[in-house]
Amino acid sequence: MAGQRQPIELVVSKGKKHLTKAEIKERMETEVKPVTDGIEAPEYLNKRQREEFDKIAEQLQKLGIMGETDVDALAMFIISKGLYIKLTKQLCRNEVLSDSETTEQYMKNQDKAYRQCRQCAVDLGLTITSRCKLVIPKAREEPKENKFTRFRKDVG
């Protein structure tokens, strides 16, 4: 079974697959690149959430992995993160901790918010493991001379 298709830059940098220049060019032309022209925070986010959106979006754009189609995914991440933080703070209050049923309900909701937040983070490359999968290593430089030239005797 074939693995997930990798970006051509990654394939070339690994050097494990021998492709012609024409094949590399064709793959580069057919690969989907994110459109980054109109990335703006959605209107349904509040001011604080928009500031966080702009900060994270800028970082993801620098990595070259965020496009206009990812705007709602990032907004969902920010909303679920905020909900998780809010539930965590409420859970730590004494009146919540004194009632086991209320504590359990808060913990269930907190867990759901955490899962949503975590999944959005993975989708966007905001976790260490997901970012490691997205990082494209630099292409290896070809040696400037043949490895056998040091054994060659100058004939002159």
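Use the structure listed above.
Figured I'd write up the structure that's included with this text.

**Overview of the pattern of salt bridges**
Then step 1. The full count for this structure, using the stated rule, is six salt bridges.
Then step 2. As a salt-bridge pair, Lys62 and Glu58 come within 3.8 Å of each other at their nearest N and O atoms. In this pair, Lys62 and Glu58 both sit in helix α3 (residues 47-63), four residues apart, roughly one turn of the helix.
Then step 3. Judged by relative accessible area, Lys62 falls into the exposed class, the value being 67%.
Then step 4. By relative accessible area, which is 45% here, Glu58 ends up partly exposed.
Then step 5. A salt bridge links Glu95 to Arg93; the shortest N-O distance between them is 2.7 Å.

**Some details on the environment of Asn109**
Then step 1. Position of Asn109 among the secondary structure elements: in helix α6 (residues 100-124).
Then step 2. Residue class for Asn109 comes out partly exposed when judged on its relative accessible area of 29%.
Then step 3. For the pair formed by Asn109 and Leu83, sequence separation is 26 residues and the distance between their alpha carbons is 9.2 Å.

**Describing the side chain of Glu52**
Then step 1. Position of Glu52 relative to the elements: it lies in helix α3.
Then step 2. Judged by relative accessible area, which is 18%, Glu52 ranks as buried.
Then step 3. Side-chain polar atoms of Glu52 contact the side chain of Lys81, separated by 2.8 Å.
Then step 4. The contacts of Glu52, once residues within four sequence positions are left out, are Ile78 and Lys81.

**Quick notes on the environment of Ser98**
Then step 1. Within the secondary structure, Ser98 sits in the loop between α5 (94-97) and α6.
Then step 2. A distance of 3.0 Å separates the side chain of Ser98 from the backbone oxygen of Glu95, its partner in a polar contact.

**Remarks on the nonpolar core**
Then step 1. Ranked by size, the top nonpolar core spans 17 residues in total, and within it Ile39, Phe53, Ala57, Met66, Leu74 and Phe77 carry the most contacts.
Then step 2. Looking at this core, the elements that each hand over two or more residues are α3, α4 (71-91) and α6.
Then step 3. Setting aside its immediate chain neighbours within four residues, Phe77 contacts Ile56, Cys117, Cys120, Ala121, Leu124 and Leu126.

**As for the side chain of Gln49**
Then step 1. Mapped onto the elements, Gln49 comes out in helix α3.
Then step 2. Among the residues examined, Gln49 registers a relative accessible area of 13% and is labelled buried.
Then step 3. Apart from the residues within four sequence positions on either side, Gln49 is in contact with Tyr44, Ile78 and Ile79.

**Quick look at the packing of α3 against α4**
Then step 1. For the pair α3 and α4, interaxial distance at closest approach is 10 Å and the crossing angle is 125 degrees. One element, α3, and the other, α4, form an angle in the oblique class. Between α3 and α4 the crossing geometry is right-handed. Of the residues in α4, those in contact with Gln49, Glu52, Phe53, Ile56 and Ala57 of α3 are Val71, Leu74, Ala75, Phe77, Ile78, Ile79 and Lys81.
Then step 2. A per-class count over the contact of α3 with α4 returns nine nonpolar, one polar and two charged.

**Considerations on the packing of aromatic side chains**
Then step 1. This model, assessed by the stated rule, comprises one aromatic pair.
Then step 2. Their ring planes at 55 degrees and their centres at 5.8 Å tell us that Tyr84 and Tyr114 sit as a pair that is tilted. Here the residue Tyr84 occupies a position in helix α4, and Tyr114 occupies one in helix α6, the gap between them amounting to 30 residues.

Criteria and cut-off values
Residues numbered from 1 in each chain as written. Predicted model: local features only at pLDDT ≥ 70, side-chain atom pairs only at ≥ 80, totals over all residues. Heavy atoms only, no water. Salt bridge = Lys/Arg side-chain N within 4 Å of Asp/Glu carboxyl O. Helix = DSSP H or I, 4+ residues; strand = E, 2+ residues; numbered from the N terminus. Buried < 20%, exposed > 50% of the residue type's maximum accessible area, 1.4 Å probe, protein only. Polar contact = N/O pair within 3.5 Å; in protein donor to acceptor, adjacent residues only side chain to side chain. Contact = heavy atoms within 4.5 Å. Core = buried A, V, L, I, M, F, W, Y, C linked by side-chain atoms within 4.5 Å. Axes fitted to C-alpha atoms, helices over the stretch in contact; angles between N-to-C directions. Parallel < 35°, antiparallel > 145°, perpendicular 65-115°, else oblique. Left-handed = near helix turned anticlockwise from the far one by under 90°. Nonpolar A, V, L, I, M, F, W, Y, C, P; charged D, E, K, R; others polar. Phe/Tyr/Trp six-rings, centres within 6.5 Å; stacked < 30°, edge-to-face > 60°.

Interpretation in functional terms is not warranted from these geometric data alone.
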